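Residue-level structure breakdown
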Amino acid sequence: MKRILLAAAMTAMISLLAACGAQKNDLDSGWAMVKQGDCAGAQVYLDNTIAQPESAVDLAYAYYLKGQCAEKASDYATAYENFYAAKIVACYVVSHQTHVNLDTYARSDYCERIIPAKLEALSAKIDDPSKVEHIEGKVNGILRADYLKRFDKRMN
């Protein structure tokens, strides 16, 4: 009888642990919807992630996904704004990470090469340098260094 109870308890604990590990957060849900082509449905999840990010990396990726969706919709100014925000956060993460690993190199590639190339292509489509400057000023005002410092403890 005790063995059966023990087996049942162990099975229940394993099921609970598996269920906890399988739960999705807003970024996971948003990413899945973007991957399926449902950018409109993903927006609420990505906005929730941006409003209350679990980490700076999540914040950067949510902005990046929003940029992809805006670019697909030919909303180049919004795409530029989101990609620029993703670049600011990704570069902040790379410059403040104390433990260098393969993720650091990948983020560095986004910071230094991938996102800047997207921004350059989008700025040509916006075709108004003052609008690009306005977008950058707006994002810089939101993503000030003091805002991003709240992630420092989690990155190291």
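Residues numbered from 1 in each chain as written. Predicted model: local features only at pLDDT ≥ 70, side-chain atom pairs only at ≥ 80, totals over all residues. Heavy atoms only, no water.

**Quick word on the overall build of the chain**
Counting its secondary structure elements, the chain contains nine helices and zero strands. When the elements of the chain are put in sequence order from the N terminus, they spell out α-α-α-α-α-α-α-α-α. Within the chain, the proportion of its 156 residues that are buried is 34%. On the chain, roughly 9,700 Å² of surface is accessible, and the fraction owed to carbon and sulfur atoms is 57%. (Helix = DSSP H or I, 4+ residues; strand = E, 2+ residues; numbered from the N terminus. Buried < 20%, exposed > 50% of the residue type's maximum accessible area, 1.4 Å probe, protein only. Areas by Shrake-Rupley, 256 points an atom, 1.4 Å probe, with all protein chains shown as cover.)

**Section: the packing of aromatic side chains**
A complete count under the given rule lists five aromatic pairs for this structure. Between Tyr-80 and Tyr-84, the aromatic rings sit 6.3 Å apart at their centres with planes inclined by 5°, giving stacked as the arrangement. Here Tyr-80 and its partner Tyr-84 are both found in helix H5 (residues 76–96), four residues apart, which amounts to about one turn of the helix. Look at Tyr-80 and you get buried, because its relative accessible area is 4%. Plain terms: the ring middles of Tyr-147 and Phe-151 are 6.1 Å apart, the flat faces sit at 80° to each other, and that makes the pair edge-to-face. A residue is classified by how much of its surface remains accessible, and Tyr-147, at 22% relative accessible area, is partly exposed. Judged by relative accessible area, Phe-151 falls into the buried class, the value being 0%. (Phe/Tyr/Trp six-rings, centres within 6.5 Å; stacked < 30°, edge-to-face > 60°.)

**Quick notes on helix H4 (residues 56–72)**
Every α-helical turn comprises 3.6 residues, leaving residues that sit three or four positions apart pointing alike. For H4, built from 17 residues, the straight-helix expectation of 24 Å at 1.5 Å per residue is met to within 8% by its first-to-last C-alpha distance of 25 Å. Judged by how many residues are buried, H4 sits mostly within the fold: twelve of 17 residues are covered. Burial in H4 covers these residues: Ala-56, Asp-58, Leu-59, Ala-60, Ala-62, Tyr-63, Tyr-64, Leu-65, Lys-66, Gly-67, Cys-69 and Ala-70. (Expected span 1.5 Å × (residues − 1).)

**A look at the environment of Tyr-64**
Within the secondary structure layout, Tyr-64 lies in helix H4. By relative accessible area, which is 9% here, Tyr-64 ends up buried. Remark: the alpha-carbon pair of Tyr-64 and Tyr-84, spanning 20 residues in sequence, is separated by 8.6 Å. Leave out the neighbours within four places in its chain, and Tyr-64 touches Asn-82, Phe-83, Ala-86, Tyr-110, Ile-114, Ile-115 and Lys-118. (Contact = heavy atoms within 4.5 Å.)

**Side note on the confidence of the model for the chain**
Here the chain averages 83 in pLDDT, while 76% of its residues score no lower than 70. Here helix H1 (residues 2–21) is the element of the chain with the lowest mean pLDDT, 51, and helix H3 (residues 39–51) is the one with the highest, 96. Every residue in residues 16–21 scores below 50 in pLDDT, and together they form zero contacts with partners more than four places removed in sequence or on other chains. (pLDDT = per-residue confidence, 0-100.)

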